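Coordinate inspection notes
Take a look at the letters that make up each chain.
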Amino acid sequence: MDELYAFLLAYRAIIGAAVLTAIFFILVIAWWDEVKLFFKSALYSLPLIGKTRRLAKDISVRKDGWFASERTLCDDFAGDIRRIAADPEMYDRSKSYLGKVQELGRNELGILMRILLIAMVFVEALGFAYVLAGYTLPGASEQLQVQGSFFIAFLISCVLVFLTHQSGQELHKRGLIKKIRTWWMHDISEDRPNLLGRTNKVTLENDQVDDDDPAYMQILHRVDTNAHVTPGAPMWTIIATIAIIGVAIGATYVRYETYQQEKTAETIGATTPSSNSLFSLESLHSEGLPDVLTQPQAEADNQAQNEQEGARDAANLTTYAILATLFILIQIMGIGIGYKTGFAGKESSTARRIIRSFPSRMSYEAWYERKRDAIARVAQKHLSNLQARLTENAAANGVDKTHREVLQHSADRTFIEHYEQSELKAEQSRQNSEARKLARSAETKASTSESTKITSEPEPAKTDKPPAVAESQEEMKARIRRELLAEKEAKEKHIETEEEMRERMRKELGLDS
């Protein structure tokens, strides 16, 4: 390890530059949208090949009274507002999305925490990588082996940090799927939905479409699962466990074998007589005394040496065991961090970046307005520059009356006006889309109820009369006779009413005449 410290001291400038470069790239990735906005603004401002000069050559007018180049510029910068700072309505949707997927209180792994975790794994792997470099680069110089140990440690730390984070995120996702199935099995309602074959149309934009569904269905709509909606095999956890145990055992074994080689080399060097000396005092002393006197001292020396070697072996083994345990604990901590910071929802990371750490919508709106105004100032600067160049080109080339009127009212066309118009149009389009979905849903329900009503109507009552068949003459005569007899019998059994009796007696008394 002395050589390692010497290497760090000798190359501290290069190592410091590498660390600062890594931090710089991490910060650029974290604020990539702001970096892109800066370079976009610089691209518009270039003197000869700037985008403003190219757009100023297009003097076509749209039906809404704007130059097409003005709309192009405003659309370009309006995208930065939507990407860097979503509107407050998206803040509400993001919060609702995270709440429905049971991830509202979770936070992404911060940049400083990522750097700290990688540094901890790197430092832990550096000692093992230094030992491993001697076998990976056989015959190399000590300096080259130290340099190789850095690359090996960096490779090991990157792989392990990735595996542990994926494993923790997988454990969190499996917990959500188990929660879905538990809640579903305990749902005793008659219209309990089926987990299989569900059509999922939920996105961050239309988070409200499943407001009336059970909580477990809301989670299911936002998490990717297998066809059976089961947790499945924890593949990332298995791979991470194998890698952690394999590296821990391998590192301990290589360290112990290296120690054994060093001890063997020391023993051989100690027992090899020096070629420059003709005799030694120890040999002369042993030759001049009888064995009875020298043997107890030799046994005592051997026992002391064995005890010393045993204590050294125990100390080394204990050290290697502690290092292996520390390595495993660091990886378990990485899995725990992945479990606490990983997201299982398909758009949970996007939703989390939108709401950030704002405690309320009011604070988010204040931040949103500041971001929007800052981007609007940059966009308005380039829009004014473009309008000035359009006026110059029109004066140089000559334009018709329509173009002159549009150029005269350039001050009325601002970036904020364009942005508000585009947001209003997007909101109307979203409302129309939701209205069409509701109409289609109502039509589907109506057609379903109509088909159910038709299928549930009772069938016409069946008569006991058998279907008509061809009769013979005898059968027809017998049937007619039965009908006439039945009619005669009915007349004989007929009871006169008061009116019929009055009419009959009037006839008998001759009063009709």
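As shown above, the structure is provided for reference.
Residues numbered from 1 in each chain as written. Predicted model: local features only at pLDDT ≥ 70, side-chain atom pairs only at ≥ 80, totals over all residues. Heavy atoms only, no water.

1. Considerations on unusual backbone geometry
Backbone geometry at glutamine 102 places phi at a positive 65°, although glycine is not the residue there. Its location among the elements puts glutamine 102 in the loop between helix H6 (88–100) and helix H7 (111–136). Phi is positive for valine 229, which is not a glycine, with a value near 55°. Note that valine 229 resides in the loop between helix H9 (215–220) and helix H10 (235–271). (Helix = DSSP H or I, 4+ residues; strand = E, 2+ residues; numbered from the N terminus.)

2. Considerations on the side chain of lysine 100
Tracing the chain through its elements places lysine 100 in helix H6. Separated by 3.3 Å, the side chains of lysine 100 and aspartate 210 make a polar contact. Residues contacting lysine 100, with those up to four places away along its chain left out, are Asp207, Gln208, Asp210, Asp211, Ala215, Gln218, Ile219 and Arg222. (Polar contact = N/O pair within 3.5 Å; in protein donor to acceptor, adjacent residues only side chain to side chain. Contact = heavy atoms within 4.5 Å.)

3. Description of helix H13 (residues 348–355)
What H13 keeps buried is the set Ser348, Ala351, Arg352, Ile354 and Ile355. Down the axis of H13, the smallest arc covering the buried residues is 160°, so these residues share one side. Here the buried face of H13 lies against H6 and helix H14 (361–397). A positive backbone phi angle near 50° is found at arginine 356, which sits one or two residues after H13. (Buried < 20%, exposed > 50% of the residue type's maximum accessible area, 1.4 Å probe, protein only. Arc of directions from axis to C-beta.)

4. Looking at a positive patch on the surface
Taken together, the side chains of Lys201, Arg436, Lys437 and Arg440 define a basic patch exposed on the protein surface. Here arginine 440 lies in helix H16 (residues 415–456). (Patch = residues over 30% accessible without salt bridge, like charges linked within 9 Å, V, L, I, M, F, W, Y side chains within 5 Å. Areas by Shrake-Rupley, 256 points an atom, 1.4 Å probe, with all protein chains shown as cover. Salt bridge = Lys/Arg side-chain N within 4 Å of Asp/Glu carboxyl O. Lys, Arg positive; Asp, Glu negative; His and termini not counted. Charge placed at Lys NZ, Arg CZ, Asp CG, Glu CD.)

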